[in-house]
Amino acid sequence: KIFQAIVSCIGGDGTIYIIPKSFETALNKLMAEIQNTFKGLGLLIPYSWKKGEACVVRGSDTVWYRAKIVEVSGSTLQVQYIDRGYIESIPQCHLYPTTFYTGIPPFCIPCQLYKTLPIGNFWQQDAVDYLQELLKNEEVEIHVEELPDNPWDKLSISLYFGGMSLSSFMAYQKYCVAEDCQDIQKLGVFEGDLSPSYLLQPLPFPGETFPVTVTHLVSPKEVYICLDSSGNLAKCSATERAASHDSESLNKALKWCNKIVKTLPHLTNFKKELPCLAEYVDGLWYRAKLLSITQLVPVQILVQFVDYGTYLVAPTSRLRHIPCHLLKYPVQAVRVLLAGFKPASGDKNVERIPYSPEWSLKALWTMVDCVEGKRLSASILTVSPEVTISLYGDDKNLVHLKLIEMGLAELDE
């Protein structure tokens with residue numbers, strides 16, 4: 001069985017406590033009921049607590065939770081929150097004994113990684129801390145591998161985050177030995193003669209109108225677009241729906257990569273077009289490819305962010321190997337030429353685009369105003385030798401008409 005779950009906590013012994021997504025509604029309903037039943041403080045009169053006894057606990061967030069007594073020691077009790085998994089020492093005044101809700105099984109499931117042996121036969125504290133930091137409150141994919149003989153014991157699972165196997169990742173980090181480590185090579189260590197490359201985005205058929213966003217402008221005529229399916233998916237074509245699913249999955253995978261990026265090796269191969277992860281000015285890491293070395297001392301590399309079209313000159317410290325499961329998603333940004341206009345021969349603006357001097361900077365900024373943050377649509381005219389499109393604004397008029405009105409461009413039949 002395969003299902004999505006939230007990791008509620010990591011036990012001190014490395015037990016992974018998960019709450020299946022399918023349980024969320026029932027758990028929220030139970031929590032609301034408990035809050036209505038128990039109000040005020042815990043039991044303030046002396047009470048003889050016993051190990052294993054059911055109770056409700058008022059947490060530090062003042063919310064009541066189901067729990068059971070794990071250990072009794074003086075005025076402080078060790079309790080386990082049975083729907084979350086974590087264990088805490090609590091003063092007796094924050095507890096209340098109850099037989100309410102004991103007929104409802106715990107919503108969180110204790111799990112262990114299948115065929116995975118921690119170094120030293122038990123999970124070391126630094127490994128537990130790392131698991132907690134990586135997984136707590138995150139949504140993951142669970143593959144059930146083996147049921148326990150005793151239903152209260154741990155479920156043996158394979159856990160995947162952002163398309164990566166947790167067992168393989170922890171083995172790669174030298175925290176454990178994973179017997180079934182078939183996807184260790186997916187952890188982004190491209191060595192030797194391997195020449196990975198990105199997949200291209202499939203485009204709608206010529207003549208079909210589809211929603212797009214412009215992610216980068218090189219000149220008023222040369223831009224990068226992404227298929228935009230933020231509107232009504234039911235009205236989208238199969239190509240747009242696939243692009244939407246890819247974009248969502250890619251964003252999740254990149255979120256995880258940003259969590260583990262420090263564990264990925266720095267680039268040592270600087271071959272042109274090589275896929276990599278690069279750190280952008282916002283401090284986040286994105287998919288990129290190498291274009292050229294712009295400076296040797298210190299080394300500076302020109303990279304292009306393939307899902308946006310934007311460029312950046314970066315030192316090698318901001319480039320890392322890319323995990324190969326990130327290569328299965330097509331590049332999100334497509335370079336296109338806009339049809340129907342050309343630079344105005346009478347444009348007297350002195351400031352020109354340095355790399356494209358036929359265009360004035362004023363024409364570029366005007367085009368930026370026409371497309372930035374706008375809901376646009378496009379129709380492909382040709383795909384060879386270059387992808388050429390007609391681009392329409394949210395008023396359904398061609399975006400370049402504004403440039404022609406201002407004398408910054410002219411019609412090109």
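Residues numbered from 1 in each chain as written. Predicted model: local features only at pLDDT ≥ 70, side-chain atom pairs only at ≥ 80, totals over all residues. Heavy atoms only, no water.

- Naming follows an unreviewed UniProt entry, where the protein chain appears as RING finger protein 17 of Vireo altiloquus.
- In the Subunit (unreviewed entry) part of its UniProt record, the protein chain is described as follows: "Interacts with MXD1, MXD3, MXD4, MXI1 and PIWIL1. Self-associates."
- Quoted verbatim from the Function (unreviewed entry) field of UniProt, the annotation for the protein chain is "Seems to be involved in regulation of transcriptional activity of MYC. In vitro, inhibits DNA-binding activity of Mad-MAX heterodimers. Can recruit Mad transcriptional repressors (MXD1, MXD3, MXD4 and MXI1) to the cytoplasm. May be involved in spermiogenesis." (UniProt positions renumbered as here; feature names shortened; annotations may be inferred.)

**Things to note about the domain arrangement of the protein chain**
Move 1: Taken domain by domain, the protein chain comprises domain 1 (1-187), domain 2 (208-231 + 333-411) and domain 3 (265-322).
Move 2: Taken over C-alpha atoms, the centre of domain 1 sits 40 Å from the centre of domain 3. (Domains from an automatic or database assignment.)

**Some remarks on a nonpolar patch on the surface**
Move 1: Together, Phe270, Ile293, Leu296, Val297 and Val299 make up an exposed nonpolar region whose accessible area comes to about 480 Å².
Move 2: Take Phe270: it is sitting in the loop between helix 4 (238-260) and strand 16 (275-279). (Patch = residues over 30% accessible without salt bridge, like charges linked within 9 Å, V, L, I, M, F, W, Y side chains within 5 Å. Areas by Shrake-Rupley, 256 points an atom, 1.4 Å probe, with all protein chains shown as cover. Salt bridge = Lys/Arg side-chain N within 4 Å of Asp/Glu carboxyl O. Helix = DSSP H or I, 4+ residues; strand = E, 2+ residues; numbered from the N terminus.)

**Quick word on the UniProt feature "domain: Tudor" (unreviewed entry) in the protein chain**
Move 1: UniProt's entry tags residues 48-105 and 269-329 with the feature "domain: Tudor" (unreviewed entry), counted in the numbering of this structure.
Move 2: Helix makes up 0% of residues 48-105 and strand 50%, with an end-to-end C-alpha separation of 25 Å.

**A short note on the pairing of strand 6 (residues 87-91)**
Regular strands place their side chains on alternate faces of the sheet.
Move 1: The pairing of strand 5 (residues 76-81) with strand 6 spans five bridges and is antiparallel. If you follow Gln80 over to strand 6, its bridge partner there is Ile87.
Move 2: Once strand 5 ends, the chain turns through five residues before running back antiparallel as strand 6, passing Gly85 with a positive phi of about 100 degrees. (Pairing = 2+ DSSP bridges.)

**Structural notes on a negative patch on the surface**
Move 1: Residues Glu145, Glu146, Asp149 and Asp153 make up a contiguous surface patch of negative charge.
Move 2: Inspection of the secondary structure puts Asp149 in the loop between strand 10 (139-146) and strand 11 (155-161). (Lys, Arg positive; Asp, Glu negative; His and termini not counted. Charge placed at Lys NZ, Arg CZ, Asp CG, Glu CD.)

**As for helix 1 (residues 24-37)**
Move 1: Between the first and last C-alpha of helix 1 there are 20 Å, a value that for 14 residues agrees with the 20 Å anticipated at 1.5 Å per step.
Move 2: Every buried residue of helix 1 is accounted for by Leu27, Leu30, Met31 and Ile34. Down the axis of helix 1, the buried side of the element spans an arc of 100 degrees, and every buried residue falls inside it. Exposed residues lying more than 90 degrees from the buried face of helix 1 are Thr25, Asn28, Lys29 and Asn36.
Move 3: Residues of helix 1 that are buried in the fold lie against strand 2 (16-20), strand 3 (54-58) and strand 4 (64-73). (Expected span 1.5 Å × (residues − 1). Buried < 20%, exposed > 50% of the residue type's maximum accessible area, 1.4 Å probe, protein only. Arc of directions from axis to C-beta. Contact = heavy atoms within 4.5 Å.)

**Some remarks on the sheet that holds strand 14 (residues 209-217)**
Pairing between sheet strands relies on hydrogen bonds along the backbone, with the strands arranged either parallel or antiparallel.
Move 1: The mixed closed barrel is built from five strands, whose spatial order is 14-15-21-26-25. Ignoring which end each strand starts from, the neighbouring axes of this sheet average 60 degrees apart.
Move 2: With four bridges connecting them, strand 15 (residues 222-227) and strand 21 (residues 334-338) associate as antiparallel partners. Directly across from Tyr224, in strand 21, lies its bridge partner Arg335.
Move 3: Here helix 5 (residues 361-371) sits on the sheet in contact with strand 14, strand 21, strand 25 (376-382) and strand 26 (388-392), set at roughly 135 degrees to strand 14. (Axes fitted to C-alpha atoms, helices over the stretch in contact; angles between N-to-C directions.)

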